[in-house]
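So the chains spell out like this:
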Amino acid sequence: MNNEIVGYYNGNFRIDEHILNSFNIIPNSFEDMIQMNETNKIKVQLFDIQSDTIHNDDSVELEMINFIKNEAFLIVFGGWIPCTFIKQNSILLADRNIVSEIIRRYKNGIKKVNEEPDSFDSIFLNNNRIMLDISAFVIEGNERKISTNDMIDEQIAIVKKDIKSALPKLEIATYPNGNTYYYELNNLSKQSIENRMIFLQNIAPKLNKQFTEKSREKAIDIVFNTAEEMKLARNDIVIILALLRILMKGKKTAAQLLLKDSQTFSEENAYNAAFDLTTIEMLYGLDEYHRKSTNYNIALITQDKGLALFASLFNNTKISGRAEGKVQVKATIPYSVFSDDEDLLKNYKKWLNWEV
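Quick caveat: nothing in here was measured; it's all calculated off a predicted structure.

Enquirer: Lay out the environment of A331 in plain terms, naming residues and giving numbers.
Expert: Among the secondary structure elements, A331 is positioned in strand β15 (residues 326–332). C-alpha separation for the pair A331 and K318, spaced 13 residues apart in sequence, amounts to 6.4 Å.

In structure tokens, the structure reads:
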């Protein structure tokens, strides 16, 4: 993507000679992210454009080469968008690696490291119409275990101080009730994280292999039986992760990258994977809240390729309800990512009510 052609200029977005005051964007798919990672090619579809030179009813489709190194991924409800096309009035839910990268790169709003500009810089140095949501950072903590309220208070103080030092103009999103907001979010997530950790420690070492038709069916039975024993909901995202680890074709799949395959799957491995899944749920919950209550656009920003690929698998997302304070999401998963065993896949589609 050539910033002489596409990018933010004086607060507005520009494509060639066209200045876009605002726009909407169709989320890209999992296949699009694979193509971008392999070839640097990106396709973009814009609509609802506010511009003096483009009619509001017109849509714009672009296919470009990304000449700027990809250092971050923006996951949105229904897919992902290239970093250069971040929308105005966006709140970015940042995971720990993003906060760490901000602190590493910047001081007093200036890039302090001698590195070529990339997509990360295009967000944080060229676009002042964003806010950072630190929920995932403070709740995950720095000890690879479920946080206490005291740990959350400590993380909030640290991250606010460090971000202000790095990027003084970057606004941090605030929510009602101060730190209590993070306590409540942590309490809402705690039980599901613990359950998912136990499930993953039990099941993940058994999935660290390449599957044949026969071994795949046996592994799926183990996943289902373990889920039933633990009384996990059949549509829990951790079960979907385990099934995708079995059913996705190829090496180094999105499910493998998120699980970080290991025969000695540690408690720390389990916490990392379980919290990644919780971060995706945070994105969906924040998106629903802001869609109803504010004019902000929500995106999860991460440098974790596994998390980005896995989250981008869920397309055509719809909120189907709420349970125990969490949104329930119905989504489609692209059929192309699965093994060629159609009979086996059809049987388990019914079990999870997948739309693949």
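What follows continues from the structure just given.
Enquirer: Just give me the short version of the sheet that holds strand β13 (residues 297–302), but keep the residues and values in it.
Expert: Spatially, β7-β6-β13-β8-β11-β12 is the arrangement adopted by the 6 strands of the open sheet, whose pairing is mixed. Both outer strands of the open sheet, β7 (79–81) and β12 (171–172), are each paired with one neighbouring strand and no more. Pairing between strand β8 (residues 90–94) and β13: 5 bridges, direction parallel. When the sheet's bridge partners are listed, A94 is paired in β13 with I301. Helix α10 (residues 267–293) contacts β6 (73–76), β8, β11 (130–133) and β13 of the sheet and is inclined by roughly 160 degrees relative to β13.

Enquirer: I'd like a description of helix α5 (residues 149–166), backed by residues and values.
Expert: Under the 1.5 Å per step criterion, the end-to-end length of α5 is 26 Å for 18 residues, consistent within 8% with the ideal 26 Å. Here α5 has its buried residues at M151, I152, Q155, I156, V159, I163 and A166. All buried residues of α5 fall inside an arc of 135 degrees around its axis, so they share one side. Along α5, exposed side chains directed more than 90 degrees from the buried face belong to D150, K161 and K164.

Enquirer: Go over the packing of helix α6 (residues 180–203) against helix α7 (residues 213–229) with me, naming the residues and quoting the values.
Expert: Contact pair α6 / α7: the axes reach a minimum separation of 11 Å and the direction vectors enclose 145 degrees. The two elements α6 and α7 meet at a crossing, and its hand is right-handed. Of the residues in α7, those touching α6 at F199, N202 and I203 are I222, V223, T226 and A227. Considering only residue class, the contact of α6 with α7 consists of 5 nonpolar, 2 polar and no charged.

Enquirer: Could you give an account of α7, with specific residues and numbers?
Expert: The first and last C-alpha atoms of α7 sit 25 Å apart over 17 residues, in line with the 24 Å expected at 1.5 Å per residue. Along α7, the residues classified as buried are R216, A219, I220, V223, F224, T226 and A227. Buried residues of α7, viewed axially, fall in a sector of 165 degrees; they line one side. Facing away from the buried surface of α7 by more than 90 degrees, the exposed residues are K214, K218, E228 and E229.

Enquirer: Which residues make up the packing of aromatic side chains, and what values do they have?
Expert: A ring pair, where both rings are aromatic, is described by two values, the distance of the centres and the angle of the planes. Throughout the structure, instances matching the rule amount to 9 aromatic pairs. Here the aromatic rings of F120 and F124 are separated by 4.9 Å at their centres, their planes lie at 40 degrees, and the arrangement is tilted. Of this pair, F120 and F124 both sit in helix α3 (residues 119–124), 4 residues apart, roughly one helical turn. For the pair formed by F120 and F124, the shared burial category is buried. Taken together, a centroid distance of 5.4 Å and an interplanar angle of 80 degrees make the contact between F310 and F314 edge-to-face. Assigned by exposure class, F310 and F314 land together as buried. Over the ring of F137 we find R96, and its NZ or CZ is 3.9 Å from the ring centre.

Enquirer: Describe the side chain of K111, with residues and values.
Expert: Here K111 is to be found in strand β10 (residues 110–111). A distance of 3.2 Å separates a polar side-chain atom of K111 from the backbone oxygen of E116. Polar side-chain contacts of K111 include one of 2.5 Å to the side chain of D121. The contacts of K111, once residues within four sequence positions are left out, are R105, Y106, E116, P117, D121 and L125.

Enquirer: Give me the lowdown on the nonpolar core, citing residues and values where you can.
Expert: Nonpolar side chains in soluble globular proteins tend to be buried together. Counting residues in each nonpolar core, the largest one holds 121 residues, and the members touching the most others are F124 and F310. Among the elements that make up this core, the one with the highest residue count is α10 (11 residues). What F124 contacts, discounting residues up to four positions off in sequence, is L92, I98, I102, Y106, I130, L132, L167, L170 and I301.

Enquirer: Requested: an account of the side chain of T332, with residues and values cited.
Expert: With respect to the helices and strands, T332 occurs in strand β15. At 2.8 Å, the side chain of T332 forms a polar contact with the side chain of N316.

Enquirer: Before we move on, can you summarise the pattern of salt bridges with the specific residues and values?
Expert: Applying the stated rule across the entire model yields 15 salt bridges. For the salt bridge of E115 with R104, the shortest nitrogen-to-oxygen distance reads 3.0 Å. Placement of the pair is E115 in the loop between β10 and α3 and R104 in helix α2 (residues 96–105), with a sequence separation of 11 residues. Ionic pairing is found between K145 and E143, a salt bridge with its closest N-O pair at 3.5 Å. Each of E101, R104, R105, K111, E115, D118 and D121 takes part in salt bridges that share partners, so that together they form one network.

Enquirer: Run through the packing of α6 against α10, naming residues and quoting values.
Expert: The N-to-C vectors of α6 and α10 enclose an angle of 135 degrees; their axes lie 8 Å apart at closest approach. With respect to α10, the element α6 is oriented oblique. Note on packing geometry: the crossing formed by α6 with α10 is right-handed. Packed against α6, whose contacting residues are Y181, L185, S189, I193, R196, M197, L200 and Q201, the element α10 presents E267, A270, Y271, A273, A274, F275, L277, T278, E281, M282 and L286 at the interface. Of the residues that constitute the contact of α6 with α10, the class distribution is 13 nonpolar, 3 polar and 3 charged.

Each value, and the rule that gives it
- Residues numbered from 1 in each chain as written.
- Predicted model: local features only at pLDDT ≥ 70, side-chain atom pairs only at ≥ 80, totals over all residues.
- Heavy atoms only, no water.
- Helix = DSSP H or I, 4+ residues; strand = E, 2+ residues; numbered from the N terminus.
- Pairing = 2+ DSSP bridges.
- Contact = heavy atoms within 4.5 Å.
- Axes fitted to C-alpha atoms, helices over the stretch in contact; angles between N-to-C directions.
- Expected span 1.5 Å × (residues − 1).
- Buried < 20%, exposed > 50% of the residue type's maximum accessible area, 1.4 Å probe, protein only.
- Arc of directions from axis to C-beta.
- Left-handed = near helix turned anticlockwise from the far one by under 90°.
- Nonpolar A, V, L, I, M, F, W, Y, C, P; charged D, E, K, R; others polar.
- Phe/Tyr/Trp six-rings, centres within 6.5 Å; stacked < 30°, edge-to-face > 60°.
- Lys NZ or Arg CZ within 6 Å of the ring centre and 35° of its normal.
- Polar contact = N/O pair within 3.5 Å; in protein donor to acceptor, adjacent residues only side chain to side chain.
- Core = buried A, V, L, I, M, F, W, Y, C linked by side-chain atoms within 4.5 Å.
- Salt bridge = Lys/Arg side-chain N within 4 Å of Asp/Glu carboxyl O.
- Parallel < 35°, antiparallel > 145°, perpendicular 65-115°, else oblique.

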